[in-house]
Structures are given as structure tokens and as C-alpha cells.
Amino acid sequence: MRLALDEAGRATAGGDVPVGAVLLGTDGSVLATGHNEREATGDPTAHAEILALRRAAAALGEWRLSGCTLVVTLEPCTMCAGALQQSRVDRVVYGARDEKAGAAGSLWDLVRDRRLNHRPEVIEGVLADECARLLTDFFRTR
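- Under the annotation held in an unreviewed UniProt entry, the chain carries the name tRNA-specific adenosine deaminase and is attributed to Streptomyces macrolidinus.
- Comment text from UniProt for the chain, heading Subunit (unreviewed entry), reads "Homodimer."

**Comments concerning the packing of aromatic side chains**
Part 1: Scanning all chains against the criterion turns up one aromatic pair.
Part 2: Taking the centre distance of 5.1 Å and the plane angle of 80° together, the rings of Phe138 and Phe139 count as edge-to-face.
Part 3: On the basis of relative accessibility, which here comes to 10%, the residue Phe138 falls in the buried class.
Part 4: Classification of Phe139 by relative accessible area gives partly exposed; the value is 47%.

**Brief notes about the packing of helix H3 (residues 48–60) against helix H4 (residues 78–87)**
Part 1: Two elements in contact, H3 and H4, have axes whose closest approach is 9 Å; the angle formed by their N-to-C orientations is 25°. Considering the angle they form, H3 stands roughly parallel to H4. Seen from above, H3 lies across H4 with left-handed handedness. Across the interface between the two elements, Glu49, Ile50 and Leu53 of H3 pack against Met79, Cys80, Ala83, Leu84 and Ser87 of H4.
Part 2: A breakdown of the residues in the contact of H3 with H4 according to their chemical character gives six nonpolar, one polar and one charged.

**Some words on the state of the cysteines**
Part 1: Throughout the structure, instances matching the rule amount to zero disulfides.
Part 2: The cysteine Cys77 is free of any disulfide, with Cys80 supplying the nearest cysteine sulfur at 3.8 Å.

**A closer look at the pattern of salt bridges**
Part 1: What the rule picks out here adds up to eleven salt bridges.
Part 2: The salt bridge involving Arg2 is made with Glu130; its shortest N-O contact spans 2.7 Å. Placement of the pair is Arg2 in helix H1 (residues 2–11) and Glu130 in helix H5 (residues 128–140), with a sequence separation of 128 residues.
Part 3: For the salt bridge of Arg10 with Glu7, the shortest nitrogen-to-oxygen distance reads 3.1 Å. Highlighted residues: Arg10 and Glu7, both in helix H1, separated by three residues, approximately one helical turn.
Part 4: The partly exposed category is assigned to Arg10, whose relative accessible area is 46%.
Part 5: The class for Glu7 is buried, based on a relative accessible area of 8%.

Analysis parameters
Residues numbered from 1 in each chain as written. Predicted model: local features only at pLDDT ≥ 70, side-chain atom pairs only at ≥ 80, totals over all residues. Heavy atoms only, no water. UniProt positions renumbered as here; feature names shortened; annotations may be inferred. Phe/Tyr/Trp six-rings, centres within 6.5 Å; stacked < 30°, edge-to-face > 60°. Buried < 20%, exposed > 50% of the residue type's maximum accessible area, 1.4 Å probe, protein only. Axes fitted to C-alpha atoms, helices over the stretch in contact; angles between N-to-C directions. Helix = DSSP H or I, 4+ residues; strand = E, 2+ residues; numbered from the N terminus. Parallel < 35°, antiparallel > 145°, perpendicular 65-115°, else oblique. Left-handed = near helix turned anticlockwise from the far one by under 90°. Contact = heavy atoms within 4.5 Å. Nonpolar A, V, L, I, M, F, W, Y, C, P; charged D, E, K, R; others polar. Disulfide = S-S within 2.5 Å. Salt bridge = Lys/Arg side-chain N within 4 Å of Asp/Glu carboxyl O.

Structure (C-alpha cells):
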């Protein structure tokens, strides 16, 4: 999560919400990282999780990310939760809950919906206070 927090810090340079993600391979090595880049790129899909998934898939030459773990500072939204489910990531670890748009346990629980064919394990609350503080500080200055 510390690596994801470092990545989140890079988002604010482009005026983006400080969310960072790290995708770990089956052996725990870092395959890819990402931070929010919506403002920097003008791309509404440029969330930290999506960018990390794209980069990892490109690095592996494979869209199936079975055995991988995504670590992210904020609970994934519905778009990102759908991408995580579709990419077959085995585990999602997140810091702060997102009561307004979270789709991994708070507002919705898309990733663990029993109607879907793949349901990653979800571990929430890792360094939650630190992850939440980063977001609170960002929005306080807005």
C-alpha cells in the first residue's frame, strides 16, 4: 500500500484526485503502477486501477491477470470494479472506503456479485486512515 500511496502523490501534479494503484504479479513483484490521470489526459477512463491493469496486461502480453493482486488507495468505482472482474484479478486490496461511489463493498459490491463468473477476494482498510487523509487534504484545498 505504501507504493500505491507514493503513486497517488503523483496524481496531484496533474491536478487529479490522489488515487494510486499497484498491480502485483503472482510472485508479489510489481507488474505495473498507475495514478489518476483524468485531468492530465482528458480521458474519463484514466483511473489509477484502469491504467495499472492496462500496463500490466501490456507487460504480460495477456489480458487475463489471474493470480495477480491490485493494491489501490481508494475503493474501486463501478467502472474499475468491472474491469477488475473482467481481467480475472484474484485479489483487490484497498485503503479508504468510498461511500459515494465504491463498488467493492460499501455502496455496491460488484466484484463479489455471485451472479458473475469471477469474484476476486477483497481486503479492505489497509492503511485506511492514511489513504483517506490524502484525499481529505486534497479536497480541502479545492
